[in-house]
Amino acid sequence: DWAIEKFFTVHDGTMMGIAAKMGLFTGQRQGDVLRMRWSDIVADRIIVRQSKTGTPLEIRLHRDLMMALNATEKRSPIILTTTTGRPYTGSNFRHHFADAVRQAGLGDLGLSYHGLRYAAAGTLAELGLSLKHIAAITGHKSLSMLQKYTSGAEQKLLGDAAILRWEEHPLNTKV
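Observations concerning the packing of aromatic side chains
Thinking step 1. This model, assessed by the stated rule, comprises seven aromatic pairs.
Thinking step 2. A centroid spacing of 5.9 Å and a plane angle of 20° characterise the contact between Phe 93 and Phe 97, whose relative ring orientation is stacked. Pair noted here: Phe 93 and Phe 97 are both in helix α5 (residues 90–103), with a separation of four residues, about one helical turn.
Thinking step 3. Exposure remark for Phe 97: the relative accessible area of 6% places this residue in the buried category.
Thinking step 4. Between the aromatic rings of Tyr 118 and Tyr 149, the centroid separation amounts to 3.9 Å while the plane-to-plane angle is 5°, which identifies the pairing as stacked. On the criterion of sequence distance, the pair formed by Tyr 118 in helix α6 (residues 114–126) and Tyr 149 in helix α8 (residues 143–168) is long-range, its members being 31 residues apart.
Thinking step 5. Through a chain of ring-to-ring contacts, three or more aromatic side chains come together here, namely Phe 7, Phe 8, Tyr 88, Phe 93, Phe 97 and Tyr 113.
Thinking step 6. Note that Lys 21 overlies the ring of Phe 8, its terminal NZ or CZ placed 5.4 Å from the centroid.

Here it is as structure tokens:
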């Protein structure tokens, strides 16, 4: 969370900042985000068909993503573009995103764009949402894979609940 926050302090409002918000708030893979078009936005949703699985998704736009998109110049039918208005290729985008991570002072952490997908799933798990809720955003078909994405967040949430319940238990007063 702190790394994402630090990234946005440097890149909020930039194309890499918008790209990061798209990855974080849709939970989609880099390739799917790079293919997103302005016409995929319908009212308060973005329509996605995942290239890896073919899974169709309608994802409600998080208000922070919607505000960022509303403030973004439409240079192309594709949302994420280079300064010349051309769509990013996968390798070109990876290079630009890695530069943005270094500019934010996070270069030594080994962060990748795919980490935003993990962050999305983990944040939703920390909010106490079920795996089905999370899969409705990320498009995961395998709950075991989704558990891999959310295990750290679930551990924290479940651990906190266990300690709080323990503190409330009548036996706790005898210590």
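Examining the side chain of Thr 26
Thinking step 1. By the element assignment, Thr 26 lies in helix α2 (residues 15–26).
Thinking step 2. Assessed through its relative accessible area of 1%, Thr 26 is described here as buried.
Thinking step 3. Within the local environment of Thr 26, its side chain forms a polar contact with the backbone oxygen of Met 22, the two atoms lying 2.5 Å apart.

Some remarks on the pattern of salt bridges
Thinking step 1. Scanning all chains against the criterion turns up seven salt bridges.
Thinking step 2. Close ionic contact of Asp 64 with Arg 63 constitutes a salt bridge, the shortest N to O distance being 4.0 Å.

Looking at a nonpolar patch on the surface
Thinking step 1. A contiguous nonpolar surface patch, about 330 Å² in accessible area, is contributed by Trp 2, Leu 109 and Leu 111.
Thinking step 2. Considering the arrangement of structural elements, one finds Leu 109 in the loop between α5 and α6.

Re α2
The periodicity of an α-helix, 3.6 residues per turn, causes residues three or four positions apart to be oriented the same way.
Thinking step 1. An ideal rise of 1.5 Å per residue puts 16 Å on 12 residues; α2 measures up with 16 Å between its terminal C-alpha atoms.
Thinking step 2. Within α2, 11 of the 12 residues are buried, which leaves the element mostly enclosed by the surrounding structure.
Thinking step 3. Among the residues of α2, those classed as buried are Met 15, Met 16, Gly 17, Ile 18, Ala 19, Ala 20, Lys 21, Met 22, Gly 23, Leu 24 and Thr 26.
Thinking step 4. Just beyond α2, the residue with positive phi is Gly 27, at close to 65°.

Some thoughts on the nonpolar core
Thinking step 1. Membership of the largest hydrophobic core comes to 34 residues, with the highest contact counts inside it found for Phe 7, Met 22, Leu 80 and Phe 97.
Thinking step 2. Those elements giving two or more residues to this core turn out to be α1 (2–11), α2, α3 (30–35), β2 (45–49), β3 (56–60), α4 (63–70), α5 and α6.
Thinking step 3. Per-element accounting of this core gives the leading share, seven residues, to α2.
Thinking step 4. Filtering out sequence-adjacent residues up to four positions away, Met 22 remains in contact with Gly 27, Val 33, Met 36, Leu 65, Leu 69, Ile 79, Leu 80 and Tyr 113.
Thinking step 5. Within the second largest apolar cluster, nine residues are counted, among which are Leu 124, Ala 125, Ile 134 and Tyr 149.

Rules used throughout
Residues numbered from 1 in each chain as written. Predicted model: local features only at pLDDT ≥ 70, side-chain atom pairs only at ≥ 80, totals over all residues. Heavy atoms only, no water. Phe/Tyr/Trp six-rings, centres within 6.5 Å; stacked < 30°, edge-to-face > 60°. Helix = DSSP H or I, 4+ residues; strand = E, 2+ residues; numbered from the N terminus. Buried < 20%, exposed > 50% of the residue type's maximum accessible area, 1.4 Å probe, protein only. Lys NZ or Arg CZ within 6 Å of the ring centre and 35° of its normal. Polar contact = N/O pair within 3.5 Å; in protein donor to acceptor, adjacent residues only side chain to side chain. Salt bridge = Lys/Arg side-chain N within 4 Å of Asp/Glu carboxyl O. Patch = residues over 30% accessible without salt bridge, like charges linked within 9 Å, V, L, I, M, F, W, Y side chains within 5 Å. Areas by Shrake-Rupley, 256 points an atom, 1.4 Å probe, with all protein chains shown as cover. Expected span 1.5 Å × (residues − 1). Core = buried A, V, L, I, M, F, W, Y, C linked by side-chain atoms within 4.5 Å. Contact = heavy atoms within 4.5 Å.

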